[in-house]
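Architecture and fold: a report
Chain by chain, the residues:
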Amino acid sequence: MSKMITILGPTASGKTTFAAHLASYIDGEIISADSRQLYRGMDIGTGKDLVDYVVDNKNIPHHLIDIREAGDKYTLFNYQHDFHKVYSEILSRNKTPILCGGTGLYIESVLKGYHLPDVPENPGLRKRLEPKSLDELTQILSSYKALHNTTDTDTKKRAIRAIEIADFQSKHPVSELDYPPVESIIIGIDIDRESRRQKISSRLKKRLDEGMIDEVKSLLNKGVSSDDLIYYGLEYKFVTLYVIGEISYEEMFSQLEISIHQFAKRQMTWFRGMEKRGFTIHWLDFELLMNEKINKALAIIRNF
(Lines give C-alpha, C1' and ligand atoms only; values in the text may rest on other atoms or scores of the structure.)
Protein backbone atom coordinates (compact mmCIF):
# COMPACT_ATOMS: atom_id res chain seq x y z
CA MET A 1 0.00 0.00 0.00
CA SER A 2 1.42 3.40 -0.93
CA LYS A 3 -1.65 5.60 -1.49
CA MET A 4 -1.69 8.41 1.07
CA ILE A 5 -4.05 8.35 4.02
CA THR A 6 -5.11 11.63 5.61
CA ILE A 7 -6.19 11.76 9.26
CA LEU A 8 -7.84 15.01 10.30
CA GLY A 9 -9.93 16.32 13.15
CA PRO A 10 -10.23 19.21 15.57
CA THR A 11 -7.88 19.80 18.47
CA ALA A 12 -8.27 17.28 21.33
CA SER A 13 -9.89 14.63 19.11
CA GLY A 14 -7.04 12.12 19.50
CA LYS A 15 -6.11 12.08 15.81
CA THR A 16 -2.34 11.83 16.35
CA THR A 17 -2.57 8.77 18.62
CA PHE A 18 -4.89 7.11 16.12
CA ALA A 19 -2.61 7.97 13.18
CA ALA A 20 0.39 6.48 15.02
CA HIS A 21 -1.46 3.22 15.76
CA LEU A 22 -2.62 3.00 12.14
CA ALA A 23 0.93 3.68 10.93
CA SER A 24 2.21 0.88 13.17
CA TYR A 25 -0.35 -1.51 11.72
CA ILE A 26 0.23 -0.72 8.02
CA ASP A 27 3.94 0.17 8.19
CA GLY A 28 3.34 3.85 7.48
CA GLU A 29 5.10 7.12 8.22
CA ILE A 30 3.39 10.26 9.48
CA ILE A 31 3.66 13.70 7.90
CA SER A 32 2.48 16.40 10.29
CA ALA A 33 -0.02 19.00 9.09
CA ASP A 34 0.27 21.28 12.10
CA SER A 35 1.35 24.86 11.53
CA ARG A 36 2.94 25.28 14.97
CA GLN A 37 4.47 21.91 15.84
CA LEU A 38 7.12 22.52 13.21
CA TYR A 39 8.85 24.96 15.61
CA ARG A 40 11.56 23.75 18.00
CA GLY A 41 11.02 24.66 21.64
CA MET A 42 7.27 25.17 21.18
CA ASP A 43 6.32 21.85 22.72
CA ILE A 44 3.78 22.09 25.52
CA GLY A 45 1.74 24.90 23.98
CA THR A 46 1.39 23.10 20.64
CA GLY A 47 0.56 19.74 22.22
CA LYS A 48 3.68 18.18 20.71
CA ASP A 49 3.28 14.95 22.66
CA LEU A 50 6.05 12.93 21.03
CA VAL A 51 5.07 9.97 23.21
CA ASP A 52 2.04 9.69 20.91
CA TYR A 53 4.42 8.44 18.21
CA VAL A 54 5.51 5.45 20.31
CA VAL A 55 3.34 2.35 19.78
CA ASP A 56 4.20 -0.95 21.47
CA ASN A 57 7.67 0.42 22.32
CA LYS A 58 8.26 1.20 18.64
CA ASN A 59 8.96 4.73 17.39
CA ILE A 60 6.70 5.62 14.48
CA PRO A 61 8.58 7.73 11.90
CA HIS A 62 7.17 11.26 11.81
CA HIS A 63 8.10 14.29 9.75
CA LEU A 64 7.75 18.10 9.65
CA ILE A 65 7.97 18.45 13.43
CA ASP A 66 10.80 20.50 14.99
CA ILE A 67 12.11 21.69 11.62
CA ARG A 68 12.27 25.46 12.29
CA GLU A 69 13.43 27.75 15.07
CA ALA A 70 10.75 29.58 17.05
CA GLY A 71 10.41 33.08 15.61
CA ASP A 72 10.96 31.98 12.01
CA LYS A 73 8.27 32.80 9.50
CA TYR A 74 6.93 29.72 7.74
CA THR A 75 4.56 30.02 4.80
CA LEU A 76 2.20 27.74 2.94
CA PHE A 77 4.76 27.80 0.13
CA ASN A 78 7.37 26.42 2.56
CA TYR A 79 4.98 23.73 3.75
CA GLN A 80 4.13 22.48 0.27
CA HIS A 81 7.81 22.29 -0.63
CA ASP A 82 8.69 20.42 2.59
CA PHE A 83 5.66 18.13 2.30
CA HIS A 84 6.47 16.97 -1.23
CA LYS A 85 10.11 16.31 -0.37
CA VAL A 86 9.12 14.06 2.56
CA TYR A 87 6.20 12.51 0.65
CA SER A 88 8.51 11.42 -2.19
CA GLU A 89 11.05 10.01 0.27
CA ILE A 90 8.37 7.93 2.03
CA LEU A 91 7.10 6.52 -1.27
CA SER A 92 10.68 5.69 -2.28
CA ARG A 93 10.88 3.49 0.83
CA ASN A 94 7.65 1.73 -0.20
CA LYS A 95 5.96 2.99 2.95
CA THR A 96 2.48 4.49 3.24
CA PRO A 97 2.42 8.27 3.87
CA ILE A 98 -0.11 9.32 6.53
CA LEU A 99 -0.84 13.04 6.56
CA CYS A 100 -2.11 13.96 10.03
CA GLY A 101 -3.10 17.27 11.57
CA GLY A 102 -5.64 19.97 12.18
CA THR A 103 -4.39 22.79 9.94
CA GLY A 104 -7.04 22.57 7.24
CA LEU A 105 -5.27 24.98 4.90
CA TYR A 106 -2.13 22.82 4.86
CA ILE A 107 -4.15 19.66 4.26
CA GLU A 108 -6.33 21.08 1.51
CA SER A 109 -3.46 22.79 -0.30
CA VAL A 110 -1.64 19.46 -0.54
CA LEU A 111 -4.69 17.44 -1.60
CA LYS A 112 -5.76 20.00 -4.21
CA GLY A 113 -2.25 20.63 -5.45
CA TYR A 114 -2.29 24.40 -5.07
CA HIS A 115 1.06 26.08 -5.48
CA LEU A 116 1.29 29.52 -3.97
CA PRO A 117 4.16 31.88 -4.72
CA ASP A 118 6.61 32.62 -1.94
CA VAL A 119 5.29 36.10 -1.21
CA PRO A 120 8.15 38.52 -0.50
CA GLU A 121 7.98 41.24 2.11
CA ASN A 122 6.80 44.65 0.88
CA PRO A 123 8.52 47.25 3.11
CA GLY A 124 6.67 50.19 1.53
CA LEU A 125 3.27 48.63 2.07
CA ARG A 126 4.17 47.62 5.64
CA LYS A 127 5.23 51.18 6.44
CA ARG A 128 1.90 52.54 5.17
CA LEU A 129 -0.09 49.94 7.12
CA GLU A 130 1.78 50.13 10.44
CA PRO A 131 0.01 53.26 11.82
CA LYS A 132 -3.44 51.80 11.16
CA SER A 133 -5.58 50.15 13.83
CA LEU A 134 -6.49 46.46 13.75
CA ASP A 135 -10.06 47.40 12.76
CA GLU A 136 -8.76 49.48 9.84
CA LEU A 137 -6.46 46.66 8.75
CA THR A 138 -9.37 44.20 8.90
CA GLN A 139 -11.38 46.51 6.62
CA ILE A 140 -8.48 46.73 4.16
CA LEU A 141 -8.05 42.95 4.13
CA SER A 142 -11.78 42.42 3.57
CA SER A 143 -11.52 44.56 0.43
CA TYR A 144 -9.26 41.88 -1.06
CA LYS A 145 -11.15 38.77 0.02
CA ALA A 146 -13.90 37.33 2.19
CA LEU A 147 -12.55 36.79 5.69
CA HIS A 148 -13.07 33.10 6.43
CA ASN A 149 -9.86 32.73 8.44
CA THR A 150 -10.23 34.94 11.50
CA THR A 151 -6.67 34.21 12.64
CA ASP A 152 -5.60 36.57 9.83
CA THR A 153 -6.92 39.43 11.95
CA ASP A 154 -5.88 38.09 15.35
CA THR A 155 -3.10 40.68 15.68
CA LYS A 156 -1.86 43.69 13.70
CA LYS A 157 1.23 41.75 12.62
CA ARG A 158 -0.87 38.92 11.21
CA ALA A 159 -3.27 41.34 9.50
CA ILE A 160 -0.42 43.25 7.83
CA ARG A 161 1.11 40.01 6.55
CA ALA A 162 -2.29 38.83 5.28
CA ILE A 163 -2.76 42.13 3.40
CA GLU A 164 0.77 41.81 2.00
CA ILE A 165 -0.05 38.35 0.65
CA ALA A 166 -3.47 39.39 -0.69
CA ASP A 167 -1.95 42.44 -2.40
CA PHE A 168 0.78 40.33 -4.03
CA GLN A 169 -1.72 37.75 -5.21
CA SER A 170 -3.99 40.43 -6.68
CA LYS A 171 -1.10 41.50 -8.91
CA HIS A 172 0.32 38.02 -9.55
CA PRO A 173 -2.61 35.66 -10.14
CA VAL A 174 -2.09 32.31 -8.44
CA SER A 175 -2.17 29.34 -10.78
CA GLU A 176 -2.17 25.66 -9.99
CA LEU A 177 1.41 24.84 -10.93
CA ASP A 178 4.25 22.46 -10.05
CA TYR A 179 2.57 20.43 -7.33
CA PRO A 180 -0.03 17.94 -8.60
CA PRO A 181 -3.05 17.02 -6.48
CA VAL A 182 -2.33 14.13 -4.10
CA GLU A 183 -4.90 11.36 -4.10
CA SER A 184 -5.76 10.37 -0.56
CA ILE A 185 -8.20 8.43 1.55
CA ILE A 186 -9.46 10.91 4.17
CA ILE A 187 -10.50 9.78 7.64
CA GLY A 188 -11.82 12.26 10.19
CA ILE A 189 -12.06 11.84 13.94
CA ASP A 190 -15.48 13.10 14.99
CA ILE A 191 -15.86 14.31 18.56
CA ASP A 192 -19.12 15.77 19.87
CA ARG A 193 -19.03 19.37 21.02
CA GLU A 194 -19.48 18.72 24.75
CA SER A 195 -16.76 16.04 24.87
CA ARG A 196 -14.49 18.33 22.88
CA ARG A 197 -15.08 21.19 25.32
CA GLN A 198 -14.33 18.98 28.33
CA LYS A 199 -11.14 17.60 26.78
CA ILE A 200 -9.94 21.08 25.77
CA SER A 201 -10.50 22.50 29.26
CA SER A 202 -8.83 19.58 31.08
CA ARG A 203 -5.93 19.58 28.61
CA LEU A 204 -5.38 23.30 29.12
CA LYS A 205 -5.11 22.80 32.89
CA LYS A 206 -2.69 19.90 32.32
CA ARG A 207 -0.47 21.94 30.00
CA LEU A 208 -0.28 24.78 32.48
CA ASP A 209 0.65 22.27 35.20
CA GLU A 210 3.32 20.81 32.91
CA GLY A 211 5.07 24.15 32.56
CA MET A 212 3.57 26.03 29.62
CA ILE A 213 4.30 29.38 31.29
CA ASP A 214 7.95 28.41 31.85
CA GLU A 215 8.15 27.33 28.21
CA VAL A 216 7.06 30.80 27.06
CA LYS A 217 9.52 32.45 29.49
CA SER A 218 12.29 30.24 28.10
CA LEU A 219 11.48 31.24 24.50
CA LEU A 220 11.50 34.92 25.48
CA ASN A 221 14.83 34.45 27.28
CA LYS A 222 16.28 32.86 24.15
CA GLY A 223 15.52 36.02 22.22
CA VAL A 224 12.18 35.19 20.57
CA SER A 225 10.26 38.47 20.66
CA SER A 226 6.92 38.77 22.44
CA ASP A 227 5.41 39.98 19.15
CA ASP A 228 6.53 36.80 17.41
CA LEU A 229 5.06 34.59 20.14
CA ILE A 230 1.80 36.53 20.10
CA TYR A 231 1.78 36.07 16.30
CA TYR A 232 1.56 32.29 16.78
CA GLY A 233 -1.78 32.77 18.55
CA LEU A 234 -3.70 30.71 21.10
CA GLU A 235 -1.48 29.44 23.95
CA TYR A 236 1.51 31.54 22.93
CA LYS A 237 -0.53 34.70 22.53
CA PHE A 238 -2.29 34.64 25.89
CA VAL A 239 0.51 33.16 27.98
CA THR A 240 2.91 35.76 26.54
CA LEU A 241 0.47 38.55 27.39
CA TYR A 242 0.36 37.19 30.95
CA VAL A 243 4.15 36.84 31.22
CA ILE A 244 4.77 40.42 30.05
CA GLY A 245 2.16 41.67 32.51
CA GLU A 246 -0.62 42.81 30.19
CA ILE A 247 -3.29 40.46 31.57
CA SER A 248 -3.83 38.58 34.84
CA TYR A 249 -3.57 34.80 35.24
CA GLU A 250 -7.36 34.55 35.48
CA GLU A 251 -7.80 36.62 32.30
CA MET A 252 -5.19 34.50 30.53
CA PHE A 253 -6.91 31.23 31.43
CA SER A 254 -10.41 32.45 30.61
CA GLN A 255 -9.52 34.11 27.29
CA LEU A 256 -7.32 31.20 26.22
CA GLU A 257 -9.98 28.62 27.01
CA ILE A 258 -12.55 30.54 24.97
CA SER A 259 -10.09 30.99 22.08
CA ILE A 260 -9.23 27.28 21.91
CA HIS A 261 -12.93 26.37 21.85
CA GLN A 262 -13.45 28.89 19.02
CA PHE A 263 -10.41 27.51 17.21
CA ALA A 264 -11.77 23.94 17.36
CA LYS A 265 -15.09 25.18 16.01
CA ARG A 266 -13.29 26.91 13.10
CA GLN A 267 -11.40 23.70 12.37
CA MET A 268 -14.66 21.77 12.06
CA THR A 269 -16.11 24.52 9.87
CA TRP A 270 -13.11 24.14 7.56
CA PHE A 271 -13.46 20.35 7.39
CA ARG A 272 -17.20 20.60 6.68
CA GLY A 273 -16.30 23.13 4.00
CA MET A 274 -13.91 20.60 2.46
CA GLU A 275 -16.81 18.18 2.14
CA LYS A 276 -18.84 20.86 0.35
CA ARG A 277 -15.85 21.44 -1.93
CA GLY A 278 -15.93 17.82 -3.06
CA PHE A 279 -13.78 15.90 -0.58
CA THR A 280 -15.12 12.68 0.93
CA ILE A 281 -14.27 12.43 4.62
CA HIS A 282 -14.96 9.12 6.37
CA TRP A 283 -15.77 10.07 9.97
CA LEU A 284 -14.98 7.81 12.92
CA ASP A 285 -16.42 8.39 16.40
CA PHE A 286 -13.64 9.38 18.80
CA GLU A 287 -15.25 7.23 21.53
CA LEU A 288 -14.56 4.00 19.64
CA LEU A 289 -11.85 1.81 21.14
CA MET A 290 -8.54 1.97 19.28
CA ASN A 291 -8.88 -1.51 17.76
CA GLU A 292 -12.40 -0.60 16.58
CA LYS A 293 -11.08 2.57 14.94
CA ILE A 294 -8.27 0.61 13.26
CA ASN A 295 -10.66 -2.07 11.95
CA LYS A 296 -13.06 0.54 10.58
CA ALA A 297 -10.18 2.44 8.98
CA LEU A 298 -8.85 -0.73 7.36
CA ALA A 299 -12.30 -1.45 5.93
CA ILE A 300 -12.45 2.10 4.49
CA ILE A 301 -8.96 1.69 2.99
CA ARG A 302 -9.82 -1.70 1.43
CA ASN A 303 -12.95 -0.26 -0.21
CA PHE A 304 -11.20 2.82 -1.60
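Being a predicted model, the structure only gives us computed values, none of them experimental.

Describing the pattern of salt bridges
- Inspection of the entire model under this criterion finds 20 salt bridges.
- A salt bridge links Glu-235 to Arg-207; its shortest N-O distance comes to 3.2 Å. Taken together, the residues span a long stretch of sequence, with Glu-235 in helix H10 (residues 234-243) and Arg-207 in helix H7 (residues 193-209) at a distance of 28 residues.
- Accessibility expressed as a relative area gives 3% for Glu-235, which makes it buried.
- One continuous salt-bridge network, built from bridges that share partners, spans Glu-121, Arg-126, Arg-161 and Glu-164.

Here we look at the packing of H10 against helix H11 (residues 249-276)
- In contact at an axis separation of 9 Å, H10 and H11 are set at 170° when each is read in the N-to-C sense. In terms of axis orientation, H10 runs roughly antiparallel to H11. As H10 runs across H11, the sense of the crossing is right-handed. Residues Leu-234, Glu-235, Phe-238, Val-239 and Tyr-242 of H10 touch H11, and the partners they reach there are Tyr-249, Met-252, Gln-255, Leu-256, Ser-259, Ile-260 and Phe-263.
- Partitioning the contact of H10 with H11 into residue classes produces nine nonpolar, two polar and one charged.

What to know about helix H6 (residues 156-171)
- Over its 16 residues, H6 runs 23 Å from end to end, which matches the ideal 22 Å to within 8%, given 1.5 Å per residue.
- Those residues of H6 lying buried are Arg-158, Ala-159, Ile-160, Arg-161, Ala-162, Ile-163, Glu-164, Ala-166, Asp-167 and Phe-168.
- Summarising the contacts, the buried residues of H6 are in contact with helix H4 (123-129), helix H5 (134-144) and helix H9 (226-231).

Notes on helix H8 (residues 212-221)
- If you check which residues of H8 are buried, you get Met-212, Ile-213, Glu-215, Val-216 and Leu-219. End-on view of H8: buried residues confined to an arc of 160°, all on one side of the axis. Projecting away from the buried face of H8 at angles above 90 degrees are the exposed residues Asp-214 and Asn-221.
- Those residues of H8 that are buried are in contact with H7, H9, H10 and H11.
- Gly-223 sits one or two residues past H8 and shows a positive phi near 105°.

Some thoughts on the sheet that holds strand S1 (residues 4-8)
- An order of S6-S2-S8-S1-S9-S10 is seen for the six strands of this open sheet, with the pairing classed as parallel. The open sheet has two edge strands with one neighbour each: strand S6 (62-63) and strand S10 (281-285).
- Of the strand pairs in this sheet, S1 and strand S9 (residues 184-190) are connected by five bridges, and their pairing is parallel. Bridge pairing in S9 links Thr-6 to Ile-186.
- Lying on the sheet, helix H1 (residues 15-26) is in contact with S1, strand S2 (28-32), strand S8 (96-101), S9 and S10; it crosses S8 at an angle near 175°.

Scoring rules and cut-offs
- Residues numbered from 1 in each chain as written.
- Predicted model: local features only at pLDDT ≥ 70, side-chain atom pairs only at ≥ 80, totals over all residues.
- Heavy atoms only, no water.
- Salt bridge = Lys/Arg side-chain N within 4 Å of Asp/Glu carboxyl O.
- Helix = DSSP H or I, 4+ residues; strand = E, 2+ residues; numbered from the N terminus.
- Buried < 20%, exposed > 50% of the residue type's maximum accessible area, 1.4 Å probe, protein only.
- Axes fitted to C-alpha atoms, helices over the stretch in contact; angles between N-to-C directions.
- Parallel < 35°, antiparallel > 145°, perpendicular 65-115°, else oblique.
- Left-handed = near helix turned anticlockwise from the far one by under 90°.
- Contact = heavy atoms within 4.5 Å.
- Nonpolar A, V, L, I, M, F, W, Y, C, P; charged D, E, K, R; others polar.
- Expected span 1.5 Å × (residues − 1).
- Arc of directions from axis to C-beta.
- Pairing = 2+ DSSP bridges.

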